[in-house]
Amino acid sequence: ITWTVMDINGNPAVAVTQTVTVTDNQLPVITTSGPLSANNTPGLCSAIVSVTAATAEDNCGVGSPVGTRSDGLALGDPYPVGVTTITWNVMDVNGNPAIAAIQTVTVTDNQAPVITTSGPINVNNTPGLCGANITVPPATAQDNCTIGSPVGTRSDGLLLTDMYPIGVTTITWNISDASGNAAITVPQIV
């Protein structure tokens, strides 16, 4: 503000300047679309999730928030099974940063593993024994996510490596993946 004045005789004063500074100390506010949930894409250990960009409001001008995923991937990339967080940040035109907004994306694995055995095993008894020593090939399992090996349980309660008696012994193969999805049990006849 420049202040001027004249006295009653028309003599002007030396102008005086006054500065008024207004500081913007109001932080922008970010709003997300909230937590997101999805099931895995069949056959994959992930899912494509459509993430709506967060919005920001401010008393002065503000741009669009930028989202950063906890796994460092692009927002449009597939999200892995589990929880991924997106941290949204923005600054207003005066350099005031918003308090970061956190959004979670949860992908649930609902696909059960599939077990494959080597099929029925038919052998003759070991000479002189009322049974046979058999090496049973382990069953295998496939899943959209990583998985271990199936566990076989014999119908007679013995170990898979023990001698098999004359007659029919059933091995039941089971496995669950890391998400707790159990495969349909597969019987194998010896």
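Residues numbered from 1 in each chain as written. Predicted model: local features only at pLDDT ≥ 70, side-chain atom pairs only at ≥ 80, totals over all residues. Heavy atoms only, no water.

A. Representation of the environment of N110. Tracing the backbone shows N110 in the loop between β10 (101–108) and β11 (114–116). Owing to a relative accessible area of 46%, N110 belongs among the partly exposed residues under this scheme. A sequence separation of 101 residues divides N110 from N9, and the C-alpha atoms of the two residues are 93 Å apart. Leave out the neighbours within four places in its chain, and N110 touches N39, N40 and N181. (Helix = DSSP H or I, 4+ residues; strand = E, 2+ residues; numbered from the N terminus. Buried < 20%, exposed > 50% of the residue type's maximum accessible area, 1.4 Å probe, protein only. Contact = heavy atoms within 4.5 Å.)

B. Focus on the nonpolar core. In this structure, I30, V49, Y79, W88 and V105 are the most contacted members of the largest nonpolar core, which totals 15 residues. By residue number, the principal contributor to this core is β10, which donates 3 residues. Residue contacts for V105: discarding those within four places in its chain leaves L36, V49, Y79, G82, V83, T84 and I86. Ranked by size, the runner-up nonpolar core spans 14 residues in total, among them I115, I121, I171 and V186. (Core = buried A, V, L, I, M, F, W, Y, C linked by side-chain atoms within 4.5 Å.)

C. Molecular detail of the pattern of salt bridges. Evaluated as defined, the whole model comprises 2 salt bridges. Among the salt bridges present, the one from R69 reaches D71, with a minimum N-O distance of 2.7 Å. A residue is classified by how much of its surface remains accessible, and R69, at 3% relative accessible area, is buried. The partly exposed category is assigned to D71, whose relative accessible area is 33%. (Salt bridge = Lys/Arg side-chain N within 4 Å of Asp/Glu carboxyl O.)

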